[in-house]
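# Observations on the model geometry
Letter by letter, the chains look like this.
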Amino acid sequence: QVQLVESGGGLVQAGGSLRLSCAASGQYAMGWFRQATGKEREFVAAISWSGRSTYYADSVKGRFTISRDNDKGTVHLQMNSVKPEDTAVYYCGAQNGRYTPTSNKGLYDYWGQGTQVTVSS
């Protein structure tokens, strides 16, 4: 199994940057999802087990970057040029037995508790 713990959330001004981190106990394909108040959890970015393949939601392309360091057991989401609509609870997810990044949240087996990101205008 995989145990996930997110960190790095907080308040940031529009146009600013924030870096989220996820501590993972296993090396699997992983992703970042977010859930705004009153909305469903949506895909943000995903990365393969090796870290060589990445996939992004259209809404964050060119602004967010997902990366991982398997030696340290961490996955990161660098958020640049943030917008108020990026405000949400961000979750780190892991696929058990799968190694290809995907936007389908149904394929993720483990989730962290989430970290709040609030972007002020």
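From a predicted model like this one, the values you see are computed outputs, not experimental measurements.

## Focus: the sheet that holds strand β7 (residues 64-69)
In space, the four strands of this open sheet follow the order β1-β3-β8-β7, with antiparallel pairing throughout. The sheet is open, and its two borders are formed by β1 (4-7) and β7, each paired with just one other strand. In this sheet, adjacent strand axes meet at a mean angle of 15 degrees when their direction is disregarded.

## Comments concerning the state of the cysteines
Enumeration over the complete set of coordinates arrives at one disulfide. Between the sulfur of Cys-22 and that of Cys-92 lies a disulfide, 2.2 Å long from S to S. Judged by the sign of its S-S torsion, about -85 degrees, the cystine formed by Cys-22 and Cys-92 is left-handed. In this pair, Cys-22 is assigned in strand β3 (residues 18-24) and Cys-92 in strand β9 (residues 88-94), connecting sequence segments 70 residues apart. Under the relative-accessibility criterion, Cys-22 is labelled buried at 1%. What makes Cys-92 buried here is its relative accessible area of 0%.

## Observations regarding the nonpolar core
The tendency in soluble globular proteins is for nonpolar side chains to be buried as a group. Counting 33 residues, the largest nonpolar core has Leu-4, Met-30, Trp-32, Leu-77 and Tyr-90 as its most contacted members. Those elements giving two or more residues to this core turn out to be β3, β4 (30-35), β5 (42-47), β7, β8 (74-79), β9 and β11 (115-120). Apart from the residues within four sequence positions on either side, Leu-77 is in contact with Leu-18, Arg-19, Leu-20, Trp-32, Val-44, Ala-45, Phe-64, Thr-65, Ile-66 and Tyr-90.

The rules behind these values
- Here, residues in each chain are numbered from 1, in the same order as that chain's written sequence.
- With the structure being a predicted model, the display of local features is reserved for residues of pLDDT at least 70 and the display and counting of side-chain atom pairs for 80 or more, all residues being used for whole-chain, interface and lining totals.
- Excluding hydrogens and water, the side-chain figures rest on all heavy atoms present in the structure.
- Note on pairing: DSSP must find at least two bridges between two strands before they are called paired.
- For the purposes of this entry, the term helix denotes a DSSP run of H or I that reaches at least four residues, the term strand denotes a run of E that reaches at least two, and both are numbered from the N terminus.
- Under this scheme, a helix contributes an axis fitted over its contacting stretch, all axes are lines through C-alpha atoms, and angles between N-to-C directions fall in the 0 to 180 degree range.
- Cysteine sulfur atoms are paired as a disulfide whenever they fall within 2.5 Å.
- Only protein chains enter the accessibility calculation, which uses a 1.4 Å probe; a residue is then buried when its area is under 20% of its type maximum, exposed when over 50%, and partly exposed in between.
- Throughout, nonpolar core names a set of buried Ala, Val, Leu, Ile, Met, Phe, Trp, Tyr and Cys residues whose side chains join them through atoms within 4.5 Å.
- Throughout, a contact is declared for two residues whenever any of their heavy atoms are within 4.5 Å.

Structural measurements only, silent on function.
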